[in-house]
Amino acid sequence: MSKKIAILTSGGDCAGLNAVMRAAVMRADLLGWEVIGIENGTAGLLEDPVEVRTLTPDDFDGFILRRGGTILGTTNSRDPFAYEMPDGSVKDRSDEVIAGFKALGVEAFIGIGGDGSFAILNRLAKQGGLNFIGVPKTIDNDLMMTDFCVGFDTAVSVATEALDRLQPTAASHDRVMILEVMGRDAGHIALSAGIAGGADVILIPEILYTIEGIAKKIKAVKETGRNFALMVVSEAMSAPDGEKREVVYHGGETRYGGIAEYLCPRIAEATGFETRATVLGHVQRGGQPTYNDRLLAQALGVGAVDLVNDGAFGQMVAWHNRAVVGVPIEDAIKDVRTVRPHGTLVHTARSLGISFGD
Ligand code: F6P
């Protein structure tokens, strides 16, 4: 095996992915490793010819560090174990992907991904006897064993800025503004942005709410003489009766969405406030990474190559107690890290008078 590492981005994109790659390539160059970038996640290995390219420090000018998205491309819908073929059939193409990795002649591969991607990449690694290192990225911040994932800080900053922009228009029109944010089954984005952005109500999947609970808080706000209120709602919130709010996309894929629109007339009716809904969507994933995400991304990118150099495979490079550490990949994905309903941030929010609608 020559000193070669493959690197790929997998799953939904977020800000900071290019910064991870830049740091990994620069560290690899220092340690004498060649880096091969695979395009569009593992899907690049299924193309003929394979979609790969050598990455060197020269490929990363000063601009790419600041750029959102991923220069390699990514996908969150082409699982090699259940690959949807053009004719609609589903095929296990894992052996083809493994053969693709082997043909590259790499010692190891670095996958920048979230829990879903890591489960797939780890399974591929085991099946094919490949050496794998994971770098945690997801705006949802829901991986175990790391304090933060790349992309989360930027998403929270975008959501906080949205609240900053909603507040003056809410105050001008005597309105309740409902901001729906991403995060899948974890309420981290809603909780952090809600506290930072001065929300009155935060709804997260980890805490049950009622319309009456929300209305009670908003009426209390009104009684203080304030003419507006701000709410942040996690996309995964169900209606109070448990009915999921989902959007069905072309091809039948479903994603969370629609809870803000659902709540809008109900909050208006329960409070007498005119109410409007804003769905922030993919804006949270794009744009320039914040400085925190750039720092994290680059520390983890360097750390991932260090693990490869040490031969410490099967690990995720994590940020823990202000340091980069390696943790077993299986520990990182054995569960989804959701908000602790009695944790520090919920306590902080409640102490600030923020309601969770409960
Ligand atoms: O996991 C990241 C995420 O942005 C979630 O917060 C969101 O539910 C989902 O991906 C959206 O997926 P897509 O980009 O396929 O619409």
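Conventions used here
Residues numbered from 1 in each chain as written. Predicted model: local features only at pLDDT ≥ 70, side-chain atom pairs only at ≥ 80, totals over all residues. Heavy atoms only, no water. Near = heavy atom within 4 Å. Polar contact = N/O pair within 3.5 Å; in protein donor to acceptor, adjacent residues only side chain to side chain. Areas by Shrake-Rupley, 256 points an atom, 1.4 Å probe, with all protein chains shown as cover. Nonpolar A, V, L, I, M, F, W, Y, C, P; charged D, E, K, R; others polar. Domains from an automatic or database assignment. Contact = heavy atoms within 4.5 Å. Buried area = accessible area lost by both parts, 1.4 Å probe. Disulfide = S-S within 2.5 Å. Pairing = 2+ DSSP bridges. Helix = DSSP H or I, 4+ residues; strand = E, 2+ residues; numbered from the N terminus. Axes fitted to C-alpha atoms, helices over the stretch in contact; angles between N-to-C directions. Core = buried A, V, L, I, M, F, W, Y, C linked by side-chain atoms within 4.5 Å. Buried < 20%, exposed > 50% of the residue type's maximum accessible area, 1.4 Å probe, protein only. Salt bridge = Lys/Arg side-chain N within 4 Å of Asp/Glu carboxyl O. Left-handed = near helix turned anticlockwise from the far one by under 90°.

Caption draft 1: Quick look at the site of the ligand. Taken together, N76, I139, D140, M182, G183, R184, E235, R255, H282 and R285 make up the full set of residues adjacent to the ligand. Here an oxygen atom of the ligand and a side-chain polar atom of R184 are 3.3 Å apart. Within the complex, the protein chains bury 87% of what would otherwise be the 400 Å² of accessible surface of the ligand. By residue class, the composition of the shell around the ligand is 2 nonpolar, 3 polar and 5 charged. Mapping the shell around the ligand onto the domain boundaries places at least three of its residues in each of domain 1 (3-150 + 289-320) and domain 2 (153-284 + 340-351).

Caption draft 2: View of the domain arrangement of the chain. We note that the domain assignment places domain 1 (3-150 + 289-320) and domain 2 (153-284 + 340-351) within the chain. The partner domain 2 presents 13 residues to the 11 residues of domain 1 that form the contact. Summed over the three residues of domain 1 that lose the most area to domain 2, namely I139, D140 and T290, the buried surface amounts to 52% of that side. Inspection of the domain 1/domain 2 interface yields 5 residue pairs in polar contact (both at pLDDT 80 or more). Tallied by class, the residues present in the side of domain 1 that touches domain 2 amount to 3 nonpolar, 5 polar and 3 charged.

Caption draft 3: A look at the state of the cysteines. As enumerated under the stated definition, the model contains 0 disulfides in all. Sulfur of C14: no disulfide; nearest cysteine sulfur belongs to C149 and is 8.8 Å away.

Caption draft 4: Inspection of the sheet that holds strand β2 (residues 34-38) at higher detail. Strand order in this open sheet of 7 strands is β3-β2-β1-β6-β7-β14-β15, and the pairing throughout is mixed. Two strands bound the open sheet, and with one partner strand each, they are β3 (52-55) and β15 (323-328). Neighbouring strand axes in the sheet, compared pairwise and without regard to direction, differ in orientation by 30° on average. Here 4 bridges tie β2 to β3, and the two strands are oriented antiparallel to one another. Looking across to β3, one finds that I36 is bridged to T54.

Caption draft 5: Inspection of the nonpolar core at higher detail. Membership of the largest hydrophobic core comes to 63 residues, with the highest contact counts inside it found for I7, I110, V135, V181, I189, I202 and F356. The element that contributes the greatest number of residues to this core is helix α4 (residues 152-173), accounting for 9 residues. When residues of this core are assigned to domains, at least three fall in each of domain 1 (3-150 + 289-320) and domain 2 (153-284 + 340-351). Those residues in contact with V135 that lie beyond four places of it in its chain are V20, I110, G111, I112, G113, F118, L300, A304 and V317.

Caption draft 6: Summary view of the pattern of salt bridges. Under the counting rule described, the total for this entry stands at 14 salt bridges. A cluster of three or more residues bridged by salt bridges with shared partners is formed by K91, R93 and E96.

Caption draft 7: Representation of unusual backbone geometry within the structure. In this structure, the amide linkage connecting D48 to the following residue, P49, adopts the cis form with an omega of 0°. With respect to the secondary-structure elements, P49 resides in the loop between β2 and β3. At D174, a residue that is not glycine, the phi angle is positive and equals roughly 55°. When you line up the elements, D174 lands in the loop between α4 and β8 (175-181).

Caption draft 8: Up close: the packing of helix α5 (residues 188-196) against helix α10 (residues 344-351). For the pair α5 and α10, interaxial distance at closest approach is 10 Å and the crossing angle is 35°. Regarding α5 and α10, the two cross each other, and that crossing is left-handed. Two secondary-structure elements touch here, α5 through L191, S192 and I195 and α10 through L345, V346 and A349. In terms of residue class, the contact of α5 with α10 is built from 5 nonpolar, 1 polar and no charged.

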